[in-house]
Amino acid sequence: MAGDVKRIPDSEQEKYDSDEQVKIICLGDSAVGKSKLMERFLMDGYRPQQLSTYALTLYKYNTTINGKPVLVDFWDTAGQERFQSMHPSYYHKAHACVMVFDVQRKITYKNLSSWYKELREYRPEIPCLVVANKIDADMRVTQKSFNFAKKQGLPFYFVSAADGTNVVKVFKDAINMALSYKKNSSDFMDVVMRELENFDLEAKEDSGGDDEEEEEEEEEEEGKAA
Ligand SMILES: Nc1nc2c(ncn2[C@@H]2O[C@H](COP(=O)(O)OP(=O)(O)OP(=O)(O)O)[C@@H](O)[C@H]2O)c(=O)[nH]1
Ligand SMILES: [Mg+2]
């Protein structure tokens with residue numbers, strides 16, 4: 001299913017090929033706090049650009065990394081009531097993913113495996129950060145172990161969009177990982193695409209779900225509270 005996000009023309013995403021632009025997507029169930037996290041990180045400095053046709057908001061962020069200006073586009077979708085497949089355009093050319101769940105709603109943690117599976121169908125190798133949001137509601141959750149990230153070998157963060165805990169850390173890490181992925185990309189399709197572009201050929205197909213898929217295991221339970 002194509003979900004709410006309709007096809008976005010490839011021409012609108014060509015900018016992400018340039019060295020100084022990265023695209024970071026955000027995944028997770030509705031109301032886990034994706035938008036609040038981005039807004040918290042960007043505070044006054046952001047310029048949300050509503051693309052209502054696509055059920056998308058782009059948050060643009062300018063920063064300097066190693067003395068070079070970098071433009072980051074954070075992609076945020078709205079109104080996914082429950083898990084629903086995203087259109088491939090959402091994943092297209094993404095360089096990193098921030099995957100969010102709500103520590104107060106266990107189902108949002110369980111659904112991470114579905115989000116992750118879909119992400120890997122389109123972007124087999126981009127860095128993915130797992131974020132446990134809303135820890136301000138009950139700090140004791142930070143004593144629990146949420147093993148999904150560890151099992152998949154992904155970085156994990158306890159955060160709160162409400163009080164700001166770890167928010168800057170997550171997004172700074174995401175930007176750095178996105179840039180380093182871009183520099184050292186071993187994603188086969190990306191390499192091929194770049195070569196083709198150097199030869200001025202027109203071949204801008206999506207990187208479709210073709211690669212080594214990590215087989216998901218049964219949903220796991222959270223570890224016990226200490
Ligand atoms: N206590 C607490 N509430 C939060 C936090 N982050 C978000 N919320 C609340 O959770 C609700 C949903 O937040 P959103 O940022 O809109 O969630 P979303 O993931 O963007 O949801 P969709 O756009 O529907 O996919 C809002 O009422 C927020 O105020 C947090 O860190 N702590
Ligand atoms: Mg939102």
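For the structure, see preceding data.
Given the structure is predicted, the values throughout are model-derived calculations rather than measurements. (Residues numbered from 1 in each chain as written. Chains lettered and ligands numbered in written order. Predicted model: local features only at pLDDT ≥ 70, side-chain atom pairs only at ≥ 80, totals over all residues. Heavy atoms only, no water.)

A. Highlighting the site of ligand 1. Neighbouring ligand 1 are 17 residues; Ser 30, Ala 31, Lys 34, Asp 136 and Ala 161 lie closest to it. Between ligand 1 and Gly 33 there is a distance of 3.0 Å, counted from an oxygen atom to a backbone nitrogen or oxygen. Contacts to ligand 1 include Lys 134, whose side-chain N or O atom sits 3.0 Å from an oxygen atom. When ligand 1 sits alone it has 660 Å² of accessible area, and the protein chains cover 71% of it. (Near = heavy atom within 4 Å. Polar contact = N/O pair within 3.5 Å; in protein donor to acceptor, adjacent residues only side chain to side chain. Areas by Shrake-Rupley, 256 points an atom, 1.4 Å probe, with all protein chains shown as cover.)

B. Focus on the environment of Met 38. Relative to the helices and strands, Met 38 resides in helix α1 (residues 34-42). In the structure, Met 38 is positioned 36 residues away from Phe 74 in sequence and 7.8 Å away in space, judged by C-alpha atoms. Excluding residues within four positions of it along the chain, Met 38 makes contact with Cys 26, Tyr 59, Phe 74, Trp 75, Asp 76 and Phe 171. (Helix = DSSP H or I, 4+ residues; strand = E, 2+ residues; numbered from the N terminus. Contact = heavy atoms within 4.5 Å.)

C. Representation of the nonpolar core in the model. Counting 61 residues, the largest nonpolar core has Ile 24, Leu 27, Phe 74, Val 98, Met 99, Leu 119 and Phe 171 as the members making the most contacts within it. In terms of residues, this core owes the most to one element, helix α6 (residues 167-183), which gives eight residues. Setting aside anything within four residues of it in sequence, one finds Ile 24 in contact with Val 72, Asp 73, Phe 74, Trp 75, Ala 96, Val 98, Ala 174, Ile 175 and Ala 178. (Core = buried A, V, L, I, M, F, W, Y, C linked by side-chain atoms within 4.5 Å. Buried < 20%, exposed > 50% of the residue type's maximum accessible area, 1.4 Å probe, protein only.)

D. Layout of the packing of aromatic side chains. Here the structure, examined in full by the defined rule, presents 17 aromatic pairs. Among the aromatic residues, ring-to-ring pairing joins Tyr 16, Trp 75, Tyr 90, Tyr 91 and Tyr 122 into one connected group. For the cation-ring pair, Lys 23 lies above Trp 75, with the distance from its terminal atom to the ring centre recorded as 3.6 Å. (Phe/Tyr/Trp six-rings, centres within 6.5 Å; stacked < 30°, edge-to-face > 60°. Lys NZ or Arg CZ within 6 Å of the ring centre and 35° of its normal.)

E. Fine view of the side chain of Thr 108. Mapped onto the elements, Thr 108 comes out in helix α3 (residues 106-110). What makes Thr 108 buried here is its relative accessible area of 1%. Here Arg 105 takes part through its backbone oxygen, which lies 2.6 Å from a polar atom of the side chain of Thr 108. Apart from residues no more than four positions distant in its own chain, Thr 108 is found in contact with Asp 29, Val 32, Phe 101 and Asp 102.

F. Inspection of the pairing of strand β3 (residues 56-65) at higher detail. Where burial is concerned, most of β3 is hidden: seven out of the 10 residues are buried. Of the strand pairs in this sheet, β3 and strand β4 (residues 68-77) are connected by 10 bridges, and their pairing is antiparallel. What sits directly across from Thr 64, in β4, is Pro 69. In sequence, β3 turns back onto β4 through a hairpin of two residues, with Asn 66 there showing a positive phi of about 50°. (Pairing = 2+ DSSP bridges.)

G. Just the packing of α1 against α6, in detail. The geometry of α1 relative to α6 is characterised by a closest axis approach of 9 Å and an angle of 90° between their N-to-C directions. By the angle between their axes, α1 is roughly perpendicular relative to α6. Where α1 abuts α6, its residues Leu 37, Met 38, Arg 40 and Phe 41 lie against Val 167, Val 168, Phe 171, Lys 172 and Ile 175. Per-class residue counts for the contact of α1 with α6 are seven nonpolar, no polar and two charged. (Axes fitted to C-alpha atoms, helices over the stretch in contact; angles between N-to-C directions. Parallel < 35°, antiparallel > 145°, perpendicular 65-115°, else oblique. Nonpolar A, V, L, I, M, F, W, Y, C, P; charged D, E, K, R; others polar.)

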